[in-house]
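Here are the chains, one letter per residue:
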Amino acid sequence: MTSFSRNLLAQVTPDVRKHVPGVCLMEAWIHCLDRRTQWEFHYGDFQWTGRAGDAYEARYNGWCAYLASLGVEGYAREVRRN
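Colleague: I'd like a description of the nonpolar core, backed by residues and values.
Modeller: Of all hydrophobic cores here, the largest spans 23 residues; its most connected members are Val-12, Phe-41, Tyr-43 and Trp-63. When contributions to this core are tallied by element, the ones reaching two or more residues are α1 (2-19), β2 (38-43), β3 (46-51) and α2 (55-69). With 7 residues, α2 is the largest single contributor of residues to this core. With residues near it in sequence (within four places) discarded, Tyr-43 still touches Val-20, Val-23, Cys-24, Glu-27, Ala-28, Trp-63 and Tyr-66.

Listed below in structure tokens is the structure:
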């Protein structure tokens, strides 16, 4: 699961850099809420809470949700659900 999730995160990262000028990816953080299935993603005032198989997938889902909140085309339904 981890290598798959890392690839997902690598795919969304260029769009994050494109649509969020001056982004520092290290400012985003995640927190595991429940036995590594329920996660929180935080970036600035934005928060996403949902299911993910690992930390990389949680970051991917969080960035996708953030891009969707900005109205970036193609991300409104990108968040993976387990």
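Colleague: Which residues make up the pairing of β2, and what values go with them?
Modeller: Most of β2 is tucked away, with 5 of its 6 residues classed as buried. The sheet contact formed by strand β1 (residues 29-34) and β2 spans 5 bridges and is antiparallel. Each bridged residue has a counterpart across the sheet, and for Asp-34 the counterpart in β2 is Gln-38. Here β1 hands over to β2 after 3 residues, with Arg-35 in that stretch at a positive phi of 45°. Relative to β3, β2 is paired through 6 bridges, and the arrangement is antiparallel. The partner of Glu-40 across the bridge, within β3, is Thr-49. Taken together, β2 and the strand that follows it, β3, pair antiparallel across an intervening segment of 2 residues, in which Gly-44 is found at a positive phi of about 60°.

Rules behind the numbers
Residues numbered from 1 in each chain as written. Predicted model: local features only at pLDDT ≥ 70, side-chain atom pairs only at ≥ 80, totals over all residues. Heavy atoms only, no water. Core = buried A, V, L, I, M, F, W, Y, C linked by side-chain atoms within 4.5 Å. Buried < 20%, exposed > 50% of the residue type's maximum accessible area, 1.4 Å probe, protein only. Helix = DSSP H or I, 4+ residues; strand = E, 2+ residues; numbered from the N terminus. Contact = heavy atoms within 4.5 Å. Pairing = 2+ DSSP bridges.

Remember, this is a structural readout, not a statement about activity or role.
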